[in-house]
Amino acid sequence: MELAANLPEGAPLVARKNDHLDIVLDHTRARSTATTGFAAFDFEHCALPELDLDAVALGTSLFGRALRAPVLISSMTGGALRAQGINRHLAEAAQALGIALAVGSQRVALETGADHGLTRELRRCAPDVPILANLGAAQLREGGVDLARRAVEMIDADALIVHLNPLQEAVQQGGDRDWRGVLEAIERLARQLHVPLVAKEVGAGLSPAVARRLVEAGVSVIDVAGAGGTSWAAVEGERACNPADRAVAMAFTGWGIPTARALIDARAALPDTLLIASGGIRDGVDAAKALALGADLVGQAASLLAEAVVSTESVISHFDVLIRQLRIACFCTGSADLRALRTATLHGRPPIQVPPSA
């Protein structure tokens, strides 16, 4: 007890974030037992594309900033002691590649003052690309607007992600178990914050009913963040201090809505809302399938964490491969650009219509 009393303020939160990094870096410990659902779909190959591969256009935009590819570096760390280098590598890579960057939760930085790289230095590293701030939905009920404004200002962000992680909180020791009033807090924040809100799950998916309620509350962008990638129930199970807590968490390692299903249902329910597909996107072929199923952008996080620890160049190399794969998928479906890809023949596609402007 005496040792605990002498720990710096916020030390348990920082220790938790470091645990998360260690576990996610070991993919065998953090992987969901669910599958994304993308394997159920196959593009019809076009043997006569009549295209110049190098001229395939992957450009799009987000929050008024141009992107050279429809890719988001998804939230992965915010508060761990190693995060300063990781965040710098990610920001520099995002700028070099012309893709968007979402930071991890800023809770530790806001509560302790230990920013771990979550400062305006990120904007200096990435002056031209969208940067998304990040807070947990459960932290918004008291003082949420002020907290959100500080989160946005500390990194000069273009938008704020509100992450929804009820399963993780339910199986985490000391997690937020009372979620009453969260939707009301999000609605209040949407009215008062000067940047758009992005709502995302953290690996269990958003149902169309929840996604619709969030948009009605004022959320501008939905990240379905479905099952099939990192399981935060598994992560918390690995962190558990006793067998009972581990058993409770591990029962949910396959819980959630597969990413492909969450995406399809969200697009059908919200034809005009900007959608991000994340959760187990393995490569550029998965990315192409997600875009054809209705996503506007695709996000990756855990699969590049090892590279993010090493260097900016390693992150650039990782995404260069994904973008090359995406370009070839467009080429081999006869798609000159992203709009054409969204109408490419995808066998296994359910009978829904994706508006060309989606």
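An unreviewed UniProt entry annotates the chain as Isopentenyl-diphosphate delta-isomerase originating from Luteimonas chenhongjianii. Per UniProt, the chain has the following entry under Subunit (unreviewed entry): "Homooctamer. Dimer of tetramers." The chain has a UniProt comment under Subcellular location (unreviewed entry) that states "Cytoplasm".

*Asks:* Which parts of the structure should I look at to understand the environment of Glu153?
*Replies:* Tracing the backbone through its elements, the reader meets Glu153 in helix H7 (residues 144–155). By relative accessible area, Glu153 is classed as partly exposed at 43%. Between the C-alpha atoms of Glu153 and Ala133, which are 20 residues apart in sequence, the distance is 8.9 Å.

*Asks:* Help me out: how do you make sense of empty space enclosed by the protein in this one?
*Replies:* Gaps between atoms show up when a probe of the same size as a water molecule is rolled over them. Inspection of the entire model under this criterion finds two cavities of 30 Å³ or more. Empty space within the largest cavity amounts to approximately 100 Å³. Around the largest cavity, the lining comprises 16 residues; the ones closest to its centre are Leu167, Gly203, Ala204, Trp232 and Ala233. Contributing elements (two or more residues each) for the lining of the largest cavity: helix H8 (166–171) and helix H11 (232–239). Considered class by class, the residues forming the lining of the largest cavity number eight nonpolar, seven polar and one charged.

*Asks:* In this structure, what is going on with the sheet that holds strand S4 (residues 71–73)? I would like to understand it.
*Replies:* Hydrogen bonding along the main chain pairs the strands of a sheet, whether they run parallel or antiparallel. Strand order in the closed barrel made by the eight strands is S4-S5-S6-S7-S8-S9-S10-S11, with parallel pairing throughout. If you compare each strand with its neighbour and ignore which way they point, the axes differ by 25 degrees on average. The pairing of strand S7 (residues 159–164) with strand S8 (residues 197–201) spans five bridges and is classified as parallel. Within the sheet, the bridge partner assigned to Val162 lies in S8 and is Ala199. Most of the contacts of helix H16 (residues 312–331) go to S4, to which it runs at about 155 degrees, and overall it touches S4 and strand S11 (297–300).

*Asks:* Explanation requested: H7 in the structure shown.
*Replies:* Three- or four-residue spacings in an α-helix give side chains the same orientation, since the helix completes a turn every 3.6 residues. Across its 12 residues, H7 extends 17 Å between first and last C-alpha, which sits within 8% of the 16 Å expected from 1.5 Å per residue. Buried residues along H7 sit in contact with helix H5 (107–112), helix H6 (121–125), strand S6 (131–136), S7 and helix H9 (182–192). Where H7 terminates, the next one or two residues include Asp156, which has phi positive at roughly 55 degrees.

*Asks:* Is there a simple way to explain the UniProt feature "binding site: substrate" (unreviewed entry) in the chain in this structure?
*Replies:* As annotated by UniProt and renumbered to match this structure, "binding site: substrate" (unreviewed entry) occupies Arg16, Lys17, Ser105, Gln106, Arg107 and Gln168. Among the annotated residues just listed, those lining the largest cavity are Gln168. One can find Gln106 in the loop between strand S5 (100–102) and H5. In this structure, Gln106 is in contact with Leu118, Ala133, Asn134, Leu135, Ala151, Met154 and Ile155, ignoring residues within four places of it in sequence. Within the secondary structure, Arg107 is located in helix H5. You can call Arg107 partly exposed: its relative accessible area is 22%.

Rules used in this analysis
- Residues numbered from 1 in each chain as written.
- Predicted model: local features only at pLDDT ≥ 70, side-chain atom pairs only at ≥ 80, totals over all residues.
- Heavy atoms only, no water.
- UniProt positions renumbered as here; feature names shortened; annotations may be inferred.
- Helix = DSSP H or I, 4+ residues; strand = E, 2+ residues; numbered from the N terminus.
- Buried < 20%, exposed > 50% of the residue type's maximum accessible area, 1.4 Å probe, protein only.
- 1 Å grid on protein atoms, 1.4 Å probe; cavity = no way out; pocket = protein on both sides within 12 Å on 5 of 7 lines; lining within 4 Å.
- Points joined across faces, edges and corners; volume = space filled by probe spheres on them.
- Nonpolar A, V, L, I, M, F, W, Y, C, P; charged D, E, K, R; others polar.
- Pairing = 2+ DSSP bridges.
- Axes fitted to C-alpha atoms, helices over the stretch in contact; angles between N-to-C directions.
- Contact = heavy atoms within 4.5 Å.
- Expected span 1.5 Å × (residues − 1).

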